[in-house]
Amino acid sequence: MKTTSKPDPMEREIARIRKQLLALGPMHPGSVSLQYQVCGRSGCRCMDENRPRRHGPYRKLAYVYRGKPVCRFVRAGCAQEIAMQVATYKTFRKLVDRWVELSIESGKKRFFSAPHPSRPPARS
Ligand SMILES: [Zn+2]
């Protein structure tokens, strides 16, 4: 048995993920889409019989928080900032998902003896 063994590759990757998580900036969940709207006022361009031109585009951010869907219009001038935060959130989720994946893999080796999940280990 080696006494000066390097940390295993999974532990090293987890350490890398932790560093990357610490370096993340502001974030926001969701995805941005462009919306066009009809205001409904008679005589407005959006109600034109021949060539209706809807209002917009408006940026809409949609996400699910604690099981509830949320939808908000993004203020004009915030498009770039929200896009950056949404991208950061995606990175955050990717890193956390990978950390969880590695933890499950690592746990399989350390904590569980039976490869079959439906069969509890025999009592000694
Ligand atoms: Zn209108």
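Residues numbered from 1 in each chain as written. Predicted model: local features only at pLDDT ≥ 70, side-chain atom pairs only at ≥ 80, totals over all residues.

(A) The overall build of the protein chain, seen in detail. On a plain count of helices and strands, the protein chain comes out with two helices and three strands. Residue burial in the protein chain is summarised as follows: out of 124 residues, 2% are buried. Sequence-distant contacts in the protein chain: of pairs separated by 6 or more residues, those separated by 24 or more amount to 54%. (Helix = DSSP H or I, 4+ residues; strand = E, 2+ residues; numbered from the N terminus. Buried ≥ 20, exposed ≤ 12 C-beta atoms within 10 Å, placed from the backbone. Contact = placed C-beta atoms within 7 Å.)

(B) Structural context of the sheet that holds strand β1 (residues 31–37). An order of β1-β2-β3 is seen for the three strands of this open sheet, with the pairing classed as antiparallel. Both outer strands of the open sheet, β1 and β3 (68–73), are each paired with one neighbouring strand and no more. Adjacent strand axes in the sheet meet at a mean angle of 35°, parallel and antiparallel pairs treated alike. Judged from the six bridges that link them, strand β2 (residues 55–65) and β3 form a sheet pairing that is antiparallel. Following the sheet pairing, Ala 62 is matched in β3 by Cys 71. On the sheet, helix α2 (residues 79–110) packs against β1 and β2 and is oriented at approximately 140° with respect to β1. (Pairing = 2+ DSSP bridges. Axes fitted to C-alpha atoms, helices over the stretch in contact; angles between N-to-C directions.)

(C) Examining the pairing of β3 more closely. With zero of six residues buried, β3 is to be regarded as a mostly surface element. The antiparallel hairpin formed by β2 and β3 contains two residues in its connecting segment, where Arg 66 sits at a positive phi of about 50°.

(D) The arrangement of the packing of helix α1 (residues 9–22) against α2 in detail. In the contact formed by α1 and α2, the axes pass within 10 Å of each other and the chain directions differ by 155°. Our classification of the angle between α1 and α2 gives roughly antiparallel. For the element pair α1 and α2, the recorded crossing hand is left-handed. Residues Met 10, Glu 13, Ile 14, Ile 17, Gln 20 and Leu 21 of α1 form the contact with α2, whose participating residues are Phe 92, Leu 95, Arg 98, Trp 99, Leu 102, Glu 105 and Ser 106. (Parallel < 35°, antiparallel > 145°, perpendicular 65-115°, else oblique. Left-handed = near helix turned anticlockwise from the far one by under 90°.)

(E) Spatial organisation of unusual backbone geometry. In this structure, Pro 57 follows Gly 56 across a cis peptide bond, with omega equal to 10°. Inspection of the secondary structure puts Pro 57 in strand β2. Of note in this structure, Arg 66 is not a glycine but carries a positive phi near 50°. Residue position: Arg 66 is located in the loop between β2 and β3.

(F) How the structure looks around α1. Here α1 contains 14 residues, and its C-alpha end-to-end distance of 20 Å stays within 8% of the 20 Å for a straight helix at 1.5 Å per residue. Little of α1 sits inside the fold, with zero of its 14 residues counted as buried. (Expected span 1.5 Å × (residues − 1).)

(G) The arrangement of α2 in detail. For α2, which comprises 32 residues, the first-to-last C-alpha distance of 46 Å matches the rise-based estimate of 46 Å (1.5 Å per residue) to within 8%. Counting buried positions over the 32 residues of α2 gives zero, only a small fraction of the element.

(H) How the structure looks around the environment of Val 96. You can see Val 96 is positioned in helix α2. Separated by 82 residues in the primary sequence, Val 96 and Ile 14 place their C-alpha atoms 9.7 Å from one another.

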